[in-house]
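# Topology and contacts: notes
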Amino acid sequence: MAACGRVRLFLLIVSVSFCVCRSAGDKIPNGNANPLPNRQPHPAVAQYPAAGNAGPGAAVSQSRRAAGWKLAEEEACREDLTRLCPKHTWNNNLAVLECLQDRKEDTEIAPACNHLLWNYKFNLTTDPKFESVAVEVCKTTIPEDIHSQGEVIACLEKGLVNEAEEQSQRYVIKDECKKAILRVAELSSDDFHLDRYLYFSCRDDRERFCENTQAGEGRVYKCLFNHKFEEAMSEKCRDALTTRQKLIAQDYKVSYSLAKACKADLRKYRCNMDTNLPRAREARLSYLLLCLESAVHRGRTVSGECQGEMLDYRRMLMEDFSLSPEIVLHCRGEIESHCSGLHRKGRTLHCLMRVGRGDKGVVDDLCQRSLQTLIQEADPGSDYRIDRALNEACESVIQTACKHIRSGDPMILSCLMEHLYTEKMVEDCEHRLLELQYFISRDWKLDPILYRKCQGDAARLCHTHSWNETSEMMPPGAVFSCLYRHAYRTEEQGRRLSRDCKVEVQRILHQRALDVKLDPDLQKRCMTDLGKWCSEKTDPGQELECLQDHLEDLGQDCRDVVGNLTELESEDIQIEALLIRACEPVIQSHCHEVADNQIDSGDLMECLIQNKHQKEMNEKCAVGVTHFQLVQMKDFRFSYKFKMACKEDVLKLCPNIKKKVDVVICLSTTVRNDTLQDAKEQRVALKCRKQLRVEELEMSEDIRLEPELYDACKQDISRLCPNVAFGNAQCLKQNKNSELMDPKCKQMITKRQITQNTGKIFSVRRHCMGQRIPNKMYTSRGRLINYRLNPVLRKACKADIPKFCQNILNKASDGNELEGQVIACLKLKYADQRLSMDCEDQIRVILQESALDYRLDPQLQMHCTEEISRLCAEEAAAQEQTGQVEECLKVNLLKIKHDSCKKEVLNILKESKADIFVDPVLHTACALDIKHHCAAILPGRGRQMSCLMEALGDKRVRLQPECKKRLQDRIDMWSYAAKVAPAEGFSDLAMQVMISPSKNYILFMIALCVCVLFMVGLLCGRITKRVTRELKDR
């Protein structure tokens, strides 16, 4: 098709130049132009009142016009022309028309002059000279026998539109011609009768849809625009309306109502006076909208009439993608591939948004940018009604879930996001909402509430531009990333956000947690990893959980952004909106106080963990809380309270360690060593030690929180703890001595127990009917099996253990339980009264505990299992912690067949000599006698036992029958023990004498024997060895 060359517009006036068209780049002479035959006015034109009563304008004949007729010479307009228009424009009819057309909005113009101008514009398109200009441009469009009015103007307008949409050499129209075409469209903007092609195309539709709409001031145009996508609208009228709307997109003055309503605001905010921009861009509808929207978002006053007109045209842009030439040009491939047949009511635009999200394939970068630009121009975030597709899809949700919010309020979109994935949300609304939010999330300015509350903070901290300015140096989402980094800074770090801005940042974070695609930085950096690891995770929230689960496998950029987001969640778990919804019953029952706090600081998640086993905890919440705990183990930074309490200690004592499990072990080891070595000052701060205790307790309750231990013990869990829903760590520790347990698992459990017992006895909690109670038997058993699990004992006996039990230590390693051997060694030395005072006190406590329950004596349980089953089955089945099983073994000592078991029972008897408290049956029977006869005797070292033995031998003292019987039994047992277990050495013999009830008698007899030997030696020694004098003198 030929291109339009220099076109000189002589619109019925000799002095006005008309456009000259060039075909294939060559200028066509006027003489060679083939003007269309002159047409007779359409009957409808004569019927129009203004045309029938032409007045001064109608009196002007065709011959007079051809002879050089001028508007300035007409009497009807001379006064207004002299008053309003510069003198140098009087000889140019088009300049006069422009002047009077622009000024009549501000001042009164004589009715006769107005009538003359209207007729001039009405007859403008019928001039044969004007029609000849478009012959080459429209020769393939206009048939030679064309008879309809305004076809030439319509052809020129379509050519102008096609050039913008094609941007190729197929349509090349000179700037002068473009301006003339747009100016003609502007002149016909107030009355649709002046656009002859649109008038004849839409006559029937006007009667159908806009019968009661009065002509003038663009009212009929607006009415027809509103009904463009009605089913009853004819295609010819719809096409003519679309062309008209595309011209408005190129020049806002083609819309009379918009230009009139916003004229003062455009002048006030200098929206058409930017000298750095070409005039063509200033006239674009998008530039006007961005400029005025910027003023509104900055809190400036824009007239209500202008805002109403802007709302109409923003809705128009969202309804019909073809009004944006950039989208038509750059998204043609996507439209043909994915969105054909969805043109009406914004469906094609939402289809393109869905493609842009990546739900239907990959979108071209230019198309993506065009969509983003259109969303900024239309600004649907400020009023959801601008997006007709969204409005229709979400109407039912808005009426039920958001009815408390005023219609058109920006908070409607936030309300819809809050109800995403809830029962009130419908599927179609969910799709439309996510498609729109995808683009809003990529430009923080498109959320009007966020922009209003944070524009000052963004300018101060993030160096942002004004609302309608963008910077290619700042990628999508960069400003919001800057804001949320400052939102969670401490006061020491300085430069924090204002309170109102922080609230809005938290609101946006809560919304973005619902879908990873709403976080532009996360989606950009993790696109490859999402496809690699999480392609099957399509349910809400699963993609982020999947990335967190594969944190170690992610690329560095993705790992950093996922890590930062997880660290942020640890401080404010309410960002995880889906988790908070699932945990609502628990929060309301147990955590409502911390949930209402403006500053979370990890308190809410800590509360959820503490109440993880309450009856209000549902499965979804429990799974979510456990998942977050597992994620926390990947990096100590993911536990906000632990990070804040121990950050300095970690950097100083455990550098280059990130995994939380390893950090906890490192710090626990440091605390343990400082405790055992009596360090003057603990290297780990007190606040860190307290938080360390919390972390250890949490880790002890679920073995999955220790990944290495969990991997080593998976089979043991299924074998030994198949029905344990939680607390697998406790179950494994309780079954640690089972023959079925794998040695590697057993060794790792022992190591963990040794590490976890730092400054005081490690207390393991279990759960019963939702209530936490301490398992004392299990706790004591752990300390008795392995002395390293009892740091207090280790500290008290640090000198005694190497002195008396070194041979046992030489055979041990860090992972071995020692099966209570060291404790048994110390017990024997306690009976021999050879321990230090501190160590003796600790062993006494252990003896008292183990005497009540044989299961707390690992050596006894290990060697006497068969004997207990055979001789004491009834007592063992009762499981009463009163020492009845030990008493049964003592009574049946003669019936015990296994020597190892018999030796353990004899050791118990030996220990009971040293302290009556370790013999609970005897102590219970003799409690009153001890109180009456031995109250002044200190316990320990066999003193109270000796007191009772003396009372038993004293005929003047009457003991309780039960006590007397038990004592006599003990004497018989000790006598038998002395026979079957003679002293192993002189030290044992001496010790047995010292602890014997007949100690004084034995010592007296020994002393008597020594004295007799001495006297015999004194008297008889010289006789047995006499020496002669001769030998002495030698």
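Residues numbered from 1 in each chain as written. Predicted model: local features only at pLDDT ≥ 70, side-chain atom pairs only at ≥ 80, totals over all residues. Heavy atoms only, no water.

### Some details on the packing of aromatic side chains
- Under the defined criterion, the tally for this structure stands at six aromatic pairs.
- Arranged with centres 5.3 Å apart and planes meeting at 55°, the rings of F192 and Y199 form a pair that is tilted. A single burial state applies to F192 and to Y199, both of which are buried.
- For the ring pair Y438 and F439, a centre distance of 5.1 Å and an interplane angle of 80° mean the geometry is edge-to-face. Grouping residues by exposure puts Y438 and F439 together as buried.
- Among the aromatic residues, those joined into a cluster by ring pairs are F192, Y199 and F200.
- In this arrangement the basic side chain of K660 is found over the ring face of F642, its NZ or CZ atom lying 5.9 Å from the centre. (Phe/Tyr/Trp six-rings, centres within 6.5 Å; stacked < 30°, edge-to-face > 60°. Buried < 20%, exposed > 50% of the residue type's maximum accessible area, 1.4 Å probe, protein only. Lys NZ or Arg CZ within 6 Å of the ring centre and 35° of its normal.)

### Considering the packing of helix α22 (residues 347-357) against helix α27 (residues 427-440)
- Packing of α22 against α27 brings their axes to within 9 Å, and their N-to-C directions diverge by 65°. When the axes of α22 and α27 are compared, the crossing they make is left-handed. Of the residues in α27, those in contact with H350, M353, R354, G356 and R357 of α22 are H431, R432, L434, E435, L436, Y438 and F439.
- For the contact of α22 with α27, the per-class residue count stands at five nonpolar, three polar and four charged. (Axes fitted to C-alpha atoms, helices over the stretch in contact; angles between N-to-C directions. Helix = DSSP H or I, 4+ residues; strand = E, 2+ residues; numbered from the N terminus. Left-handed = near helix turned anticlockwise from the far one by under 90°. Contact = heavy atoms within 4.5 Å. Nonpolar A, V, L, I, M, F, W, Y, C, P; charged D, E, K, R; others polar.)

### A short note on a nonpolar patch on the surface
- Together, F1004, L1008, V1012 and V1016 line one region of the surface with nonpolar side chains, adding up to about 370 Å² of accessible area.
- In this structure, V1016 sits in helix α60 (residues 999-1024).
- Given a relative accessible area of 45%, V1016 falls into the partly exposed group. (Patch = residues over 30% accessible without salt bridge, like charges linked within 9 Å, V, L, I, M, F, W, Y side chains within 5 Å. Areas by Shrake-Rupley, 256 points an atom, 1.4 Å probe, with all protein chains shown as cover. Salt bridge = Lys/Arg side-chain N within 4 Å of Asp/Glu carboxyl O.)

### Looking at helix α38 (residues 619-632)
- The end-to-end C-alpha distance of α38 is 20 Å, a good match for the 20 Å that 14 residues give at a rise of 1.5 Å each.
- Those residues of α38 that fall on the buried side of the exposure criterion are C621, G624, V625, T626, H627, F628, Q629, V631 and Q632.
- The N-terminus of α38 is capped by N618, whose side-chain oxygen sits 3.2 Å from the backbone nitrogen of K620. (Expected span 1.5 Å × (residues − 1). Polar contact = N/O pair within 3.5 Å; in protein donor to acceptor, adjacent residues only side chain to side chain.)

### Observations concerning the state of the cysteines
- Counting across every chain of the model gives 24 disulfides.
- The residue that forms a disulfide with C331 is C367, at a sulfur-sulfur distance of 2.0 Å. Here the S-S torsion is close to 110°, and the disulfide linking C331 with C367 is therefore right-handed. Pair noted here: C331 is in the loop between α20 (325-330) and α21 (332-338) and C367 is in helix α23 (residues 365-378), with a separation of 36 residues, a long-range link. Accessibility assignment for this pair places C331 and C367 in one class, buried.
- Disulfide partner of C864: C901, at an S-S distance of 2.1 Å. As the torsion about the S-S bond is roughly 115°, the C864-C901 disulfide counts as right-handed. Here the residue C864 occupies a position in helix α51 (residues 858-871), and C901 occupies one in helix α54 (residues 899-914), the gap between them amounting to 37 residues.
- You can see C1009 has no disulfide; the closest cysteine sulfur is in C1011, sitting 9.3 Å from it.
- Residue classification places C1009 among the partly exposed residues on the basis of a relative accessible area of 44%. (Disulfide = S-S within 2.5 Å.)

### Side note on the packing of α51 against helix α53 (residues 884-891)
- Look at α51 against α53: their axes get within 11 Å of each other, and the N-to-C directions meet at 75°. Considered as vectors, α51 and α53 are oriented roughly perpendicular to each other. Within the contact between the two elements, α51 uses L860, I868 and L871 and α53 uses V885, E886, C888 and L889.
- When grouped by side-chain class, the residues that make up the contact of α51 with α53 number six nonpolar, no polar and one charged. (Parallel < 35°, antiparallel > 145°, perpendicular 65-115°, else oblique.)

### Comments concerning helix α48 (residues 800-810)
- Where α48 is concerned, the buried positions are D800, I801, F804, C805 and I808. The buried side chains of α48 occupy one side of the element, clustering within an arc of 110° when seen end-on. Seen from the buried face of α48, the exposed residues on the opposite side, beyond 90 degrees, are K803 and N810.
- Those residues of α48 that are buried lie in contact with α47 (791-796), α49 (821-831) and α50 (837-852). (Arc of directions from axis to C-beta.)

### A closer look at the environment of L732
- Among the secondary structure elements, L732 is positioned in helix α44 (residues 728-734).
- When the C-alpha atoms of L732 and I717 are compared, they prove to be 7.1 Å apart, with 15 residues separating the residues in sequence.
- Once you skip the residues sitting within four places of it in the chain, L732 turns out to touch I703, C713, D716, I717, C721, M741 and I749.

### What to know about the environment of L416
- Tracing the backbone through its elements, the reader meets L416 in helix α26 (residues 411-418).
- For L416, a relative accessible area of 0% puts it in the buried group.
- Residues L416 and E430, 14 residues apart in the sequence, show an inter-C-alpha distance of 8.6 Å.
- The residues touching L416, leaving out its near neighbours within four places in the chain, are C394, V397, I398, C402, M425, C429 and L433.

### Remarks on the confidence of the model for the protein
- Confidence in the prediction of the protein, expressed as mean pLDDT, is 77, and 78% of residues score 70 or more.
- Counted against residues more than four places away or in other chains, residues 1-67, with its pLDDT under 50, gives 151 contacts.
- Predicted confidence is poor over residues 758-780, with pLDDT under 50, and the contacts of this stretch with residues over four places away or in other chains come to 59 contacts. (pLDDT = per-residue confidence, 0-100.)

### A look at the pattern of salt bridges
- As enumerated under the stated definition, the model contains 41 salt bridges in all.
- A salt bridge links E392 to R388, with the shortest nitrogen-to-oxygen separation between them at 3.2 Å. In this pair, E392 and R388 both sit in helix α24 (residues 388-393), four residues apart, roughly one turn of the helix.
- A salt bridge links K641 to D603, with the shortest nitrogen-to-oxygen separation between them at 2.6 Å. One end of the pair, K641, is in helix α39 (residues 640-653); the other, D603, is in helix α37 (residues 603-610), with 38 residues separating them in the sequence.
- For K641, a relative accessible area of 28% translates into the label partly exposed.
- The network of salt bridges with common partners includes K222, E309, D312 and R315.

### Let's talk about the nonpolar core
- L285, L292 and L416 are the most contacted members of the largest nonpolar core, which has 95 residues in total.
- Here L285 is in contact with I248, A249, Y252, L258, Y313, M316 and L317, once residues within four sequence places are set aside.
- Ranked by size, the runner-up nonpolar core spans 32 residues in total, among them A876, C901, M973 and W974. (Core = buried A, V, L, I, M, F, W, Y, C linked by side-chain atoms within 4.5 Å.)

### Focus: the side chain of Q629
- Structurally, Q629 is set in helix α38.
- Here K612 takes part through its side chain, which lies 2.7 Å from a polar atom of the side chain of Q629.
- Among residues more than four places away in sequence, those in contact with Q629 are I609, K612, E698 and L705.

### Topic: unusual backbone geometry
- Backbone geometry at R270 places phi at a positive 55°, although glycine is not the residue there.
- By secondary structure assignment, the location of R270 is in the loop between α16 (263-268) and α17 (279-283).
- Taking relative accessible area as the criterion, R270 reaches 56% and is therefore assigned exposed.
- The phi dihedral of D379 falls on the positive side, at around 50°, and the residue is not glycine.
- Of the residues examined, D379 reaches a relative accessible area of 2% and is grouped as buried.

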